[in-house]
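Below are the chains, spelled out letter by letter.
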Amino acid sequence: MNLKSFIEHLDTPHNELDAMLNSPSVGVVMSNLVVDEHLDTRELRRFIKRYANCAEGPFGTRRLDLYHQVQDLFQKLRGVLPGLKPYELKDSFITDDEAYLLLLTCSHERRAQETIAEEILKCSPNTVGTRRADIANGTRIAGMCVQAEFGYRGQFQSSVHPLALPLNLSEVYVLLKALKEYEVARDQADPHTAIARRLANMTYGELSDYARARLEPRFVEVGYRFTPVDPVFQEGLTEASTRVFFEKAGVRVKVTLTTGDELEGVIASTAPGERALDEHGAELLILRDEAGDVHRASWRDVATIERAE
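If you're wondering where the values come from, they're calculated on a predicted model, not measured in any experiment.

Caption draft 1: Structural detail: the packing of helix 7 (residues 113-120) against helix 8 (residues 125-137). Interaxial distance between helix 7 and helix 8 falls to 8 Å at its minimum, and their mutual angle equals 115 degrees. Handedness of the helix 7/helix 8 crossing: right-handed. Facing helix 7, whose interface residues are Q113, I116 and A117, helix 8 presents P125, V128, G129 and R132.

Caption draft 2: Broad picture of the environment of H280. Mapping H280 onto the fold places it in the loop between strand 6 (262-267) and strand 7 (285-288). Residues H280 and D187, spaced 93 residues apart in sequence, show a C-alpha to C-alpha distance of 8.3 Å.

Caption draft 3: The arrangement of a nonpolar patch on the surface in detail. A cluster of nonpolar side chains, L165, L167 and L175, forms an exposed patch at the surface whose accessible area comes to about 250 Å². By the secondary structure assignment, L167 is in the loop between strand 4 (155-156) and helix 9 (169-184).

Caption draft 4: Here's a closer look at the environment of R63. Tracing the backbone through its elements, the reader meets R63 in helix 5 (residues 61-77). R63 gets classed as buried once you look at its relative accessible area, which sits at 11%. In contact with R63, not counting residues within four places along its chain, are A52, N53, P58, F93, I94 and E98.

Caption draft 5: Spatial organisation of the nonpolar core. L3, M30, L44 and I48 are the most contacted members of the largest nonpolar core, which has 47 residues in total. Contributions of two or more residues to this core are made by helix 1 (3-8), helix 2 (15-21), helix 4 (41-53), helix 5, helix 6 (96-106), helix 7 and helix 8. At 7 residues, the largest contribution of residues to this core is made by helix 5. Contact partners of L3, with chain neighbours within four places excluded, come to L21, M30, S31, L33, V35, L44 and L73. Membership of the second largest hydrophobic core comes to 13 residues, among which are V255, L285, A297 and W299.

Caption draft 6: Just the pairing of strand 5 (residues 252-257), in detail. Here strand 5 runs beside strand 6; their pairing, made up of 5 bridges, is antiparallel. Residue V253 lies in a different strand from strand 6, and its bridge partner there is G265. A loop of 4 residues connects strand 5 with strand 6, the two strands running antiparallel in sequence, and G260 in this loop sits at a positive phi of about 95 degrees. Sheet topology places strand 5 next to strand 9 (residues 302-307); 5 bridges connect them, and they run antiparallel. Bridging from a neighbouring strand, T256 pairs with T304 of strand 9.

Caption draft 7: Summary view of the sheet that holds strand 8 (residues 294-297). Pairing within the open sheet is antiparallel, and its 5 strands lie in the order 8-7-6-5-9. Each of the sheet's edge strands pairs with one partner strand only, and the pair in question is strand 8 and strand 9. Direction aside, neighbouring strands of the sheet carry axes that sit 40 degrees apart on average. Looking at chain direction, strand 6 and strand 7 are connected through 2 bridges and run antiparallel. Bridging from a neighbouring strand, V266 pairs with R288 of strand 7. Its contacts with the sheet place helix 12 (residues 239-249) against strand 5, strand 6 and strand 9, and it is angled at close to 55 degrees to strand 9.

Caption draft 8: Here's a closer look at the pattern of salt bridges. Throughout the structure, instances matching the rule amount to 18 salt bridges. The partner of E16 in a salt bridge is R62, with the nearest N and O atoms 2.8 Å apart. One end of the pair, E16, is in helix 2; the other, R62, is in helix 5, with 46 residues separating them in the sequence. Take E16: its relative accessible area is 4%, and that puts it in the buried class. Between R218 and E221 there is a salt bridge, with its nearest N and O atoms 3.0 Å apart. Here R218 and its partner E221 are both found in helix 11 (residues 209-221), 3 residues apart, which amounts to about one turn of the helix. One continuous salt-bridge network, built from bridges that share partners, spans K85, E88, K90 and D91.

Caption draft 9: Representation of the packing of aromatic side chains within the structure. Counted under the stated rule, the structure contains 9 aromatic pairs. Here the aromatic rings of Y67 and Y87 are separated by 6.5 Å at their centres, their planes lie at 55 degrees, and the arrangement is tilted. Within this pair, whereas Y67 is found in helix 5, its partner Y87 is found in the loop between helix 5 and helix 6, the two being separated by 20 residues in sequence. Residue class for Y67 comes out buried when judged on its relative accessible area of 0%. Considering the side-chain rings of F219 and Y224, the 6.4 Å spacing of their centres and the 35 degrees angle between planes classify their relative orientation as tilted.

Caption draft 10: Inspection of the environment of H14 at higher detail. Looking at where H14 falls in the secondary structure, it is placed in the loop between helix 1 and helix 2. Classification of H14 as buried rests on a relative accessible area of 19%. Sequence separation between H14 and L66 is 52 residues; the distance between their C-alpha atoms is 8.2 Å. Those residues in contact with H14 that sit more than four places away from it in its chain are I7, E8 and Q69.

Rules used in this analysis
- Residues numbered from 1 in each chain as written.
- Predicted model: local features only at pLDDT ≥ 70, side-chain atom pairs only at ≥ 80, totals over all residues.
- Heavy atoms only, no water.
- Axes fitted to C-alpha atoms, helices over the stretch in contact; angles between N-to-C directions.
- Helix = DSSP H or I, 4+ residues; strand = E, 2+ residues; numbered from the N terminus.
- Left-handed = near helix turned anticlockwise from the far one by under 90°.
- Contact = heavy atoms within 4.5 Å.
- Patch = residues over 30% accessible without salt bridge, like charges linked within 9 Å, V, L, I, M, F, W, Y side chains within 5 Å.
- Areas by Shrake-Rupley, 256 points an atom, 1.4 Å probe, with all protein chains shown as cover.
- Salt bridge = Lys/Arg side-chain N within 4 Å of Asp/Glu carboxyl O.
- Buried < 20%, exposed > 50% of the residue type's maximum accessible area, 1.4 Å probe, protein only.
- Core = buried A, V, L, I, M, F, W, Y, C linked by side-chain atoms within 4.5 Å.
- Pairing = 2+ DSSP bridges.
- Phe/Tyr/Trp six-rings, centres within 6.5 Å; stacked < 30°, edge-to-face > 60°.

What follows is the structure, encoded as structure tokens:
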């Protein structure tokens, strides 16, 4: 029996294994591997890694599905090769950085350490605990510094969302230009301004000297300046991020203006055609109260914003 037939007869999900066997790079040769006591499992592992890490391989949650299905495949192959070593995390196509990213991603929902070990990373709880300690002490992932606590009693919960984008220089230019245009179009008191500036400066801080030399003249022409910021995760909420959190979460807030007036409602997200601007051309804070009425105020007139009781 060849590997293709062996996988077709599995009683566990194998859609990602099927996709691998249909890939132009390794599909044919893998499909025809003979599953018997002479199967070269080292070669099989190399083919799996080659496929998983090339452009044909899966991305996002499908990549984790492939990892799980390969583990199931190796478990079934032990019926033919009793001494076959399991497909373990440390020897898999999942890189060290990627394992940290998976840990962070699955921690967005509160999960127990044992659950992550059994259902996500498919490893020992001790391995998860070690990686958890690494992140608590601070670790580098693709050049980013991530240091975060995950709660108590073995529960993981974090808001870290590391992003890594393989951009060419033209795409970097568009990204930085868009962030800077967004920043300068808003009032300095607008919390979106501070966040856009931080995103642009973190992106700029990761550029090589070559990239900066190529892009800098174009930005100088229009008066855009960047101050490199180290890509470090901010655990606590700043004033700006707290205000944007209220908007993102749809929380009812109480806004106190510098005049002493108070407004209550939900911060509204508006479409481009619905934007309200002040006399300086900057976007206004817009609130919708429980009755559906709309209230507007300049961000520079906002003294405090807090969660309404």
